[in-house]
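Report on the structure
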Amino acid sequence: MKRPKLTEQEPDEQKEPAVKRFKVPPELQQKANDFLNAKKLNVKVLNELVELLEKEEGDASGVMHVLEVVFKNLFKRNCMQPELEENGSSPKAATVAKFEELYEKTWVRLLQCLNSGSKEQSGAALRVCMELIAIEARHTKPPLKSWPTRRLESILRTMIESDVTPPVALQHFQQYARCFDVIEESYKLLLTLTPKKFKDTPNAALNYLAIINLLDLGKNMIKTSQRHVEDAQEFDYMSTRKVVNKVWKRVMKAISGIDEKVHRQVLIVLLERIMSHLNDPIMLTDFLMDSLQQFDGPIALLALQGIFTLMQQQNITYPDVYEKLYSMFYPRMFFNKYKARLFYLADIFLTSTHLPENLVAAFVKRLARLALQSPTKDALIMIHFICNLLLRHTGLQRLIRATPAASAVEITDPYDATETDPVKSKAINSSLWEIMLLQKHAIPEIANAARFINSSLPTQEVELGPLLDMKECDIFDAEVKKQVKQFALAYERPNSLALPQNDMVTKYWSIC
Amino acid sequence: MGAKHKKANADVVHAKKKTQVINPFETAKPQTARKLNPFDVHVNKKKFEILGRICKHDRGMPGVSRAKAQQRRSQTLGKQFEVKHKTNKFVDNRIGRHLSGDQLTDSVLNARYLADKLSQVRTSSKAEKFNLNDDELLTHRGQTLEEIEQYRDERSDDEDDERLDAEFTAATHFGGDGDAPQDRQAAIEDMITEQKRRKNEIAKEKDEVYDLTERLDANYKELISLVGQTSKEQMREKPPMDSYDRAIKEMTFDRRGTVTDKLIKPEDLAKQEAARLEKLENERLRRMNADGEEETSNVQPKHRSADDLDDSYFVAGLDDEDTTLAYDQDGKLCTHSNFDGESGTNKRDKEVNDSDDDIEEEEKDDSDDSSESDVDNLSDLKESDSDSEQELLPQTPKEKKPQKSNEPASLDTSIPFTIKMPKTYDNFTQLLNKRSVEQQATIVERIMKCNHPKLEGVNRENVIKLYAFLLQYIHELFEDASEDEISEHFQLLSLLVPLMYDLTHLNPERMSNTLLDVIKEKYSTYSKHPKMYPTLDTLVYFKLVSNIYSTSDFRHPLATPTYIFMQDILSHAHVRTRQDISMGILLVTIALEFGQRSKRLLPAVFNYLQGIVHMCIPKQPDEVLEITPPFERNGPFSKLLAIGCSAESKAIEQMPLQATDLVTHTLSLDFKVRVLSATLGLIKDATELVGEHVGATYLATPFLSLLSRLPIESYPAYVNENLNACKNALEQVATRPMKPLAPAEKKPKALRMLEPRFEAVYDDKRRPKMTKEKEERAKLLQKIKREKKGAIREIRRDTVYLQELRIKKQLQSDNERKEKVKRIYQEAAIQQGELNELARANKRKKF
């Protein structure tokens, strides 16, 4: 996609290649050219074009583009605004009025396209809308000159009211959401657009949150300071921040009784976008605490992260945070999206070397147990995590280095996996037999990772970051890419589907 | 006078030639030669003998060296001095002056010599012109002509023996033996005639001998060829050998190669096979263990003393292959191993038994039987097959043809015996189309044989193509097979698997890469929808891997990705239909098959089995029983396999899982019972497989609580039996206590040896220590200094020499001048005297 500024400067020259890209039918293109090149602008032709857009059933992106070019040119020639000195009765003023009417019509139709169409169509519609906003802002005469908030509001409203979540146009909106003026204006508009009850309109709520999620006020944005409309005012962080605070207050008011999905989205948006800009994040404590206590799984995890931020920045205390964290390590946790966040949080929470050893030992034992139940990648992460914990808390090395006297006696595992309080789980008296078992794992990657307990521990902690970023299929790909290709063959020739020895398949299946 | 002189000269030469007596003292050194004059030698006294120092100046000969120096100077400086201030120049005008060593041929040298001679003649005085006896010695290639002549046996007049023989002298010189004294004149004449006659005789004799020699020389060349030929033939022809030689020859040239296979006795064959299997098994075991993994875990180190230096030695008794060379009474060779061959095999068997399965032995017997039967009904083709394979890959088993004695298809005449390799996959499928299962297998087998790489080089590619076709064919067979086809397809697969095994052995690298590519592709399709089970053909490929490859390896380029794939499927894919369940169980079975030998575990297998049991437990609608994903902990999917108590369910017969289960979606009662029965068996097997590992209890324990919740009463009796067996196995593992982990006892570190260590200290206290570069520089400077000193000394001596020369010259010229002056004075005095005398005479005249 072209950056907005480029298209503004030479619309006539830019037209040809751009039109081609959108597969504009040649006769339409001819029509538009004739219309623009004619000495007297013919309202009828434009009317036809607009009608064409309204009638278009299939892919309307070509027509949209032609209209974009036409209106851009009209704006450039100042045909869209009545001259102030002239009185309204002149024929020119009539034409202008007509043009404006058509322009409004086009907007309505474009907004329809924004929601209804396919991916390409909505993308094209959004692009045209944003381009028109830019050109409108540029060519409006000074007394009326302002950011065309009205237009942006209509776009946002359409997106929020979209039936599809997330709205199709949203991913195209992303690139415009990098411009600070768009962000500023959007936040102002969102203040008014907040759905009254998230509970009643979960779709609208989700869309609303998704839009906020796109509006990043982070450092990157301020550094690049792109603007969508050329002569927009300088970015005023403080005022935007005020608006953001207000928006969030609205959101908080609206969220009573929301369902799990929306709740999760609220938490994500809060953590990723809003939290750092709030004036008084301590106000969130109740919300987060409730989320943490009443839910488990992803919501609790996200809430925990929020609370962690509060603990860091606002010095709040949360008594059972480790117990809560401990309770989050259970098999099902590894089948939701936020497990990387959990590892990240756990890594931070367990960083302190001043934690009681029996607490950390409980975590280590639980991780080891989970490594036996989790998918390949998570098992790998957990083994490395255990290794890190053992390095951090040297006292824990008794889990793998029992005294000679103790190691002579055979015991059953004293660790109580069902105990909810990690301190009472007696993990410190146990031993890491799970890791021994993992050494027998069939996947060499894991078996090798688990062998760290055999020799002296590594001197440095393993960086978990790259492991967390790893995709599930990476282990397979890495294994396949191994250079050594010595295909050892079985030396006993099977006479049928059954193996000559130790056959299992024919024992349980009568398939051949 | 001249003639006499010449004669004398010739005599000398002759005498020289004659007296070719070797003087024994000739080589001895003359007493005076090269003997050091003790007065010439100057000895430099040394105060101390220093070890390792080479001293060049302990003795010297100042006189000799001075003379040498003097000579050198006179040859160099002296010459220069002579020509100083002189413009003359030596010009080499000899013939061939520009030529170098090699180019100076004989002709050039001769010409030079001739010119030299001529110039001498021209310049010499008249008297010398006719002197023939100049003492010049002519040489040819460094040898004097005289020397050369010694070896040339030319006839010459000089050879004539001019002396009188003994008889004559005896008769004449000392008065004879009293014969009538003849008068002197007659006697002399007699003597002369006698002499002449004798001379003639000798001359004649010599002529004859010479002629003979000449003839012989002329004939020699002709003879040479004859000599050569005969000798060659003689070489060939050998004297008849005696019995001993023959015996030795027989022994040395006796064929030592192996006897052909047919002659090997069955028990030997069995032994060979066992040895081969053992070797392969050892290799497999080596691959199975990760580097440095084993031994430490299960073998407790024996007690080691701190003084143990780890210089362990081999115990002689354990050495099995102790082969002493020995002969029995009949003179037959009987080494140790031969002697107790029986016990050796016994021992080996025992080892096999120790390694906890005696299947090995049975299988050895099996292979025995099969190989015996092979000998008879192997077709030629098959033999060549196995031979070529053996050559291609040494690791390939020698004989492993499937002897399907009841193979009706091989007699089927509807299939041509030679089938060309189909060009495209379509052609291939056309070949197989509409054929029965056995026929299809036969077709593939025949294609394989007709395109064996041994027959033609092109076939190398063909077999790979065939393999790819087969994979594709399998894919099509199983991708979406219908219920009635599926078991037939599995039958075909069962026949194809041995063929694919053989194919893979033809070119393991390429074929395996093909299969790996297929699995990669399958994985990429799967990873797009990780929550869905892949199609059945994927599982069939897994089974292929299990059949063809050594899956027990710690890391295998094909088995390991397959493991990862299986783990991913088992831990991610949702289990919702009958197909999902049976595919999962098939996966579990294959995974267990993979790990049979290595005893490695895939945790997902256990989770999956737990999930299946979990599904069999009937639950209250709102009850939540915790279970590892991908299984649901509540809701309809959590009790897919639960059955109510009914007579119908009790009556279901025991049977294994069916092929149709893999393609059916609806759950039936008998399926539910079947699945549970199979699952219980699998749990038992899996638990036993990993039972010996430390920590296996963590895998076994979760089952116990689940199994206790199974409604036993609603299942038939055999399920209950299975359940009890399974519970027993689980409890055994679950309750086993474990020793807390402790680091393996480390080898005590050997004490450091207390031998003195000598260090060479090279730093001299008198000199400061220097870096290497500095030291080198100092050395060089020292050298320069010494050289400079030497040069100065030489220059000084040169000056002295020149000075001497100059003084000599000066003195010489002075002397000459004095002489001249003297002579002049003398002449003047004489003149004066004469004048005076004249004056006096005049005076007298006047008076």
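Reading the values: the criteria
Residues numbered from 1 in each chain as written. Chains lettered and ligands numbered in written order. Predicted model: local features only at pLDDT ≥ 70, side-chain atom pairs only at ≥ 80, totals over all residues. UniProt positions renumbered as here; feature names shortened; annotations may be inferred. Helix = DSSP H or I, 4+ residues; strand = E, 2+ residues; numbered from the N terminus. Buried ≥ 20, exposed ≤ 12 C-beta atoms within 10 Å, placed from the backbone. Contact = placed C-beta atoms within 7 Å. Nonpolar A, V, L, I, M, F, W, Y, C, P; charged D, E, K, R; others polar. Pairing = 2+ DSSP bridges. Core = buried A, V, L, I, M, F, W, Y, C linked by C-beta atoms within 7 Å. pLDDT = per-residue confidence, 0-100. Axes fitted to C-alpha atoms, helices over the stretch in contact; angles between N-to-C directions. Parallel < 35°, antiparallel > 145°, perpendicular 65-115°, else oblique. Left-handed = near helix turned anticlockwise from the far one by under 90°. Arc of directions from axis to C-beta.

Chain B is annotated in an unreviewed UniProt entry as Nucleolar protein 14 homolog of Drosophila lebanonensis. UniProt, in its Subcellular location (unreviewed entry) section for chain B, records the words "Nucleus, Nucleolus". Comment text from UniProt for chain B, heading Function (unreviewed entry), reads "Involved in nucleolar processing of pre-18S ribosomal RNA. Has a role in the nuclear export of 40S pre-ribosomal subunit to the cytoplasm."

Looking at an unreviewed UniProt entry, chain A carries the name Nucleolar complex protein 4 homolog B, with the source organism given as Drosophila lebanonensis. Quoted verbatim from the Subcellular location (unreviewed entry) field of UniProt, the annotation for chain A is "Nucleus membrane". Quoted verbatim from the Sequence similarities (unreviewed entry) field of the UniProt record, the comment on chain A reads "Belongs to the CBF/MAK21 family."

A few words on the overall build of chain A. Helices and strands together make up the secondary structure of chain A, namely 26 helices and 1 strand. Here chain A holds 512 residues, and 42% of them are scored as buried. In chain A, of all internal contacts separated by at least 6 residues, the share reaching a separation of at least 24 is 73%.

Another point: the interface of chain B and chain A. Residue-level contacts link 86 residues of chain B with 62 residues of chain A. Among the residues forming the side of chain B that touches chain A, the class breakdown is 46 nonpolar, 24 polar and 16 charged. As paired elements, strand β1 (residues 509-510) of chain A and strand β5 (residues 657-658) of chain B share 2 bridges and run parallel to each other. The residue of β5(B) that forms the bridge with Ser510(A) is Gln658(B).

Ranked by size, the top nonpolar core spans 250 residues in total, and within it Val364(A), Ile383(A) and Val605(B) carry the most contacts. Once you skip the residues sitting within four places of it in the chain, Val605(B) turns out to touch Leu570(B), Val588(B), Ala591(B), Leu592(B) and Ala686(B).

Before going further, it helps to spend a moment on the environment of Ser374(A). Residues and elements named next belong to chain A. Its place among the elements puts Ser374 in the loop between α19 (357-371) and α20 (376-392). Sequence-wise, Ser374 and Phe334 are 40 residues apart; in three dimensions their C-alpha atoms are separated by 6.7 Å. Excluding residues within four positions of it along the chain, Ser374 makes contact with Pro331, Phe334, Ala379 and Met382.

All names here are of chain B. Looking at chain B, the pLDDT average stands at 76 and 73% of residues meet or exceed 70. The secondary-structure element of chain B with the lowest mean pLDDT is helix α14 (residues 380-392), recorded at 38, while helix α28 (residues 772-846) shows the highest, at 94. Here residues 312-327 scores under 50 on pLDDT; set against residues more than four positions off or in separate chains, the count is 16 contacts.

It is worth spelling out unusual backbone geometry at this point. Residues and elements named next belong to chain B. One non-glycine residue, His85, lies in the positive phi region at around 60°. Looking at where His85 falls in the secondary structure, it is placed in the loop between α3 (77-82) and α4 (106-123). A tally of 5 C-beta atoms within 10 Å means that His85 is categorised as exposed. Look at Lys599: it is not a glycine, yet its phi comes out positive at around 60°. Residue position: Lys599 is located in the loop between α22 (578-594) and α23 (603-616).

Moving on, we come to the packing of helix α25 (residues 474-481) of chain A against helix α21 (residues 559-572) of chain B. Orientation of α25(A) relative to α21(B), taken along the N-to-C sense of each, is 170°, at an axis distance of 9 Å. The angle between the axes of α25(A) and α21(B) places the two elements in the roughly antiparallel class. On α21(B), the residues touching Ile475(A), Phe476(A), Glu479(A) and Val480(A) of α25(A) are Thr560(B), Pro561(B), Ile564(B) and Phe565(B).

Turning our attention to the packing of helix α25 (residues 669-690) of chain B against helix α27 (residues 717-734) of chain B. All names here are of chain B. Contact pair α25 / α27: the axes reach a minimum separation of 9 Å and the direction vectors enclose 25°. In terms of axis orientation, α25 runs roughly parallel to α27. As α25 runs across α27, the sense of the crossing is left-handed. Residues Val673, Leu676, Ser677, Leu680, Gly681, Ile683, Lys684, Thr687 and Glu688 of α25 form the contact with α27, whose own contacting residues are Tyr718, Val719, Asn722, Leu723, Ala725, Cys726, Ala729, Leu730 and Val733. Split into classes, the residues belonging to the contact of α25 with α27 amount to 12 nonpolar, 4 polar and 2 charged.

It is worth spelling out α25(A) at this point. The set of residues buried in α25(A) consists of Ile475(A), Phe476(A) and Glu479(A). Taken around the axis of α25(A), the buried residues stretch over an arc of 100°, which confines them to a single face. Those residues of α25(A) hidden inside the fold are in contact with α20 and α23 (444-449) of chain A together with α19 (508-528) and α21 of chain B.

By secondary structure assignment, the location of Met532(B) is in the loop between α19 and α20 (536-548). Between the C-alpha atom of Met532(B) and that of Val575(B), which follows or precedes it by 43 residues, the distance is 8.5 Å.

This part is about helix α17 (residues 321-328) of chain A. Among all positions of α17(A), only Tyr322(A), Lys324(A), Leu325(A) and Tyr326(A) are buried. Where α17(A) is buried, its residues touch α15 (285-294), α16 (298-314), α18 (339-349) and α19 of chain A.

What follows deals with the environment of Ser487(B). In this fold, Ser487(B) is placed in helix α18 (residues 483-506). Residue class for Ser487(B) comes out partly exposed when judged on the 17 C-beta atoms lying within 10 Å of it. For the pair formed by Ser487(B) and Gln658(B), sequence separation is 171 residues and the distance between their alpha carbons is 8.3 Å. Residues within four places of Ser487(B) in sequence aside, it is in contact with Ile511(A), Ala659(B) and Thr660(B).

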